[in-house]
Amino acid sequence: AHYYYGRELWFAVNAGKLETTFLDTAIAEIKRALEILPTFYHARYDLGLIYKRKRNIPAALDCFKKVLAQEPLHINSTYELGFLYSAALNKTDSGIILMERAINWGYDGDDGYLNLGIAWAIKGDLHKALHYFLKGAEKFPSNPLYYLNIAQTYKNIGDELNYQKYIKMYQQISQKKP
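Residues numbered from 1 in each chain as written. Predicted model: local features only at pLDDT ≥ 70, side-chain atom pairs only at ≥ 80, totals over all residues. Heavy atoms only, no water.

### A closer look at the packing of aromatic side chains
Formally: Aromatic rings from Phe, Tyr and Trp, with only the six-membered ring used for Trp, were paired whenever their centres fell within 6.5 Å, and each pair was classed as stacked if the ring planes differed by under 30 degrees, edge-to-face if by over 60, and tilted otherwise. Residue exposure (1.4 Å probe, protein chains only): buried if accessible area is under 20% of the type maximum, exposed if over 50%, otherwise partly exposed. Numbering of helices and strands runs from the N terminus; a helix is a DSSP stretch of H or I covering at least four residues, while a strand is a stretch of E covering at least two. Whether a charge lies above a ring is judged from NZ of Lys or CZ of Arg, which has to be within 6 Å of the ring centre and within 35 degrees of the ring normal.
By the definition in use, this model includes 9 aromatic pairs. Here the aromatic rings of Tyr-3 and Tyr-4 are separated by 5.1 Å at their centres, their planes lie at 70 degrees, and the arrangement is edge-to-face. The class of Tyr-3 is buried, set by a relative accessible area of 4%. Ring centres of Tyr-3 and Phe-40 lie 4.7 Å apart, and the angle between their planes is 65 degrees; on these two criteria the pair is classed as edge-to-face. Separated by 37 residues along the polypeptide, Tyr-3 in helix α1 (residues 2–14) and Phe-40 in the loop between α2 (22–36) and α3 (41–53) bring together distant segments of the chain. Among the aromatic side chains, those forming a connected cluster through ring pairs are Tyr-3, Tyr-4 and Phe-40. Its guanidinium or amino end placed over the ring of Trp-120, Lys-128 lies 5.3 Å from that ring's centre, counting from NZ or CZ. For the cation-ring pair, Lys-155 lies above Tyr-163, with the distance from its terminal atom to the ring centre recorded as 4.8 Å.

So, in structure tokens, the structure goes:
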């Protein structure tokens, strides 16, 4: 019951139905569930997501690492760990390896290719970044952020024609989003 209550609070905060202060209660409930059943790795994964949302990066990293110690093929924890390595710890190489692994294993969040492309851009490989942005736009055509990043990458490599093409696509798709 503790896990499900904590998870419902987490979902309600994400949906904007509750204030973020309820995340502390969600954490307490999920921690209580883990005291009762320490091997409940789904609860530990959700706890990591909540810590990530609260920007408690050390606690989030600890949760995702513990999930992977128990379930080495946990796709979402692999992705989240890679994202945090890249975005929060400036360990771009490690982050890229983990995010690519998660995507190759089947990670299907619409942010996967986007964050992987951003990591490659930060690393300075704009062609690799563009590759992932284009793959993301193909898989998630209604996500305008892919088109914006594609446009900006084309601009950064000096391709004004493709920049104009994709900035227009970004504007069109942005207008369709609610």
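Still to come is the rest of the account.
### Quick notes on the side chain of Ser-77
Rule in force here: Counted as a polar contact is a pair of N or O atoms within 3.5 Å, where, for protein atoms, one must be capable of donating a hydrogen and the other of accepting one, and residues adjacent in sequence contribute only when both atoms are in side chains. Note on definitions: a residue-residue contact is assigned when non-hydrogen atoms from the two residues lie within 4.5 Å.
Relative to the assigned elements, Ser-77 resides in helix α5 (residues 75–87). In terms of polar contacts, Ser-77 uses its side chain to reach the side chain of His-74, at 2.9 Å. The contact partners of Ser-77, leaving out residues within four places of it in the chain, are Tyr-45, Phe-64, Val-67 and Leu-68.

### Here's the deal with the packing of helix α6 (residues 92–105) against helix α7 (residues 112–123)
So the rule is basically this: For helices, the fitted line uses only the C-alpha atoms of the stretch in contact; every axis is such a line through C-alpha atoms, and the angle between N-to-C directions lies from 0 to 180 degrees. What sets the label is the angle itself: under 35 degrees gives roughly parallel, over 145 gives roughly antiparallel, 65 to 115 gives roughly perpendicular, and the rest give oblique. By convention the crossing between two helices is left-handed if the near helix lies anticlockwise of the far one by an angle smaller than a right angle, and right-handed if it lies clockwise. Under the scheme applied, nonpolar residues are Ala, Val, Leu, Ile, Met, Phe, Trp, Tyr, Cys and Pro; charged residues are Asp, Glu, Lys and Arg; polar residues are all the others, including Gly.
Running from N to C, α6 and α7 point in directions that differ by 150 degrees, and their axes come no closer than 10 Å. In this view, α6 runs roughly antiparallel relative to α7, as classed from their interaxial angle. Seen from above, α6 lies across α7 with left-handed handedness. Contacts between α6 and α7 involve Thr-92, Asp-93, Ile-96, Met-99, Glu-100 and Ile-103 from the first element and Gly-112, Tyr-113, Asn-115, Leu-116, Ala-119, Trp-120, Ile-122 and Lys-123 from the second. When the residues that make up the contact of α6 with α7 are grouped by side-chain class, the tally is 8 nonpolar, 3 polar and 3 charged.

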